[in-house]
Amino acid sequence: LLPPDRNEVSMHAADGARVGGYSVKGAYGALLFLPNGKGLVVGGEEGASVWSASGSRLELLAGQPRVLGLGLSPDGTLLATGSGDTTAIVWERKP
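Residues numbered from 1 in each chain as written. Predicted model: local features only at pLDDT ≥ 70, side-chain atom pairs only at ≥ 80, totals over all residues. Heavy atoms only, no water.

Chemist: Now, about the overall build of the protein chain: what can you tell me, with residues and values included?
Modeler: Counting its regular elements, the protein chain contains zero helices and nine strands. A separation of at least 24 residues holds for 25% of the contacts in the protein chain among residues at least 6 apart in sequence. Summed over its atoms, the accessible surface of the protein chain is roughly 5,400 Å², and 55% of this surface lies on carbon and sulfur atoms. (Helix = DSSP H or I, 4+ residues; strand = E, 2+ residues; numbered from the N terminus. Contact = heavy atoms within 4.5 Å. Areas by Shrake-Rupley, 256 points an atom, 1.4 Å probe, with all protein chains shown as cover.)

Set out below in structure tokens:
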């Protein structure tokens with residue numbers, strides 16, 4: 001996990017312009033860009049959060065602390081999270 005004092009993730013365009021920022025509570029351990037380029041999934045101490053490219057949190061997948069791994073099905077409908085406690089959860093979501 002990255003330390004809690006580094007709790008902002010920024011997305012930048014090819015020209016270096018900032019296009020989105022995400023403030024994450026506590027430390028985070030995994031990042032996954034959504035296939036449509038319209039957002040990001042961040043795994044951390046409070047679970048996994050789905051964020052829009054503009055920086056709004058769309059969804060909090062709570063119930064699994066310390067998310068260290070993320071995976072997404074090719075169609076974007078299944079999101080897998082892996083935790084430091086050795087559990088994995090597969091979440092159904094709308095792409």
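Okay, back to it.
Chemist: For the pattern of salt bridges, give the residues involved together with the corresponding values.
Modeler: As enumerated under the stated definition, the model contains one salt bridge in all. Among the salt bridges present, the one from glutamate 46 reaches arginine 57, with a minimum N-O distance of 3.0 Å. Remark: arginine 57 occurs in strand E6 (residues 57–61) and glutamate 46 occurs in the loop between strand E4 (39–44) and strand E5 (47–52); sequence separation between them is 11 residues. (Salt bridge = Lys/Arg side-chain N within 4 Å of Asp/Glu carboxyl O.)

Chemist: So what's going on with the sheet that holds strand E7 (residues 67–72)? Residues and values would help.
Modeler: The three strands lie next to each other as E7-E8-E9, forming an open sheet whose pairing is antiparallel. Pairing within the sheet leaves two strands with one partner each, and these edge strands are E7 and strand E9 (88–92). On average, adjacent strands in this sheet sit at an angle of 20° to one another, irrespective of strand direction. Bridge analysis of E7 against strand E8 (residues 78–83) gives five bridges, and the strand direction is antiparallel. In the sheet register, glycine 71 faces E8, and the bridge partner there is alanine 80. (Pairing = 2+ DSSP bridges. Axes fitted to C-alpha atoms, helices over the stretch in contact; angles between N-to-C directions.)

Chemist: How would you explain the nonpolar core if you had to name every residue and give the values?
Modeler: Counting residues in each nonpolar core, the largest one holds eight residues, listed as Leu32, Leu34, Val41, Ala48, Val50, Leu61, Leu79 and Trp91. Excluding its chain neighbours within four sequence positions, the residues that come into contact with leucine 61 are Glu46, Gly47, Ala48, Leu79 and Trp91. (Core = buried A, V, L, I, M, F, W, Y, C linked by side-chain atoms within 4.5 Å. Buried < 20%, exposed > 50% of the residue type's maximum accessible area, 1.4 Å probe, protein only.)

Chemist: With reference to specific residues and values, describe the sheet that holds E5.
Modeler: The strand order across the open sheet formed by four strands is E3-E4-E5-E6, and the pairing between neighbours is antiparallel. Edge positions in the sheet fall to strand E3 (28–33) and E6, since each of these pairs with one other strand and no more. With direction set aside, neighbouring strand axes in the sheet form an average angle of 20°. Relative to E4, E3 runs antiparallel, the two being bridged by five bridges. Each residue of the ladder has a partner; that of leucine 32, found in E4, is valine 41.

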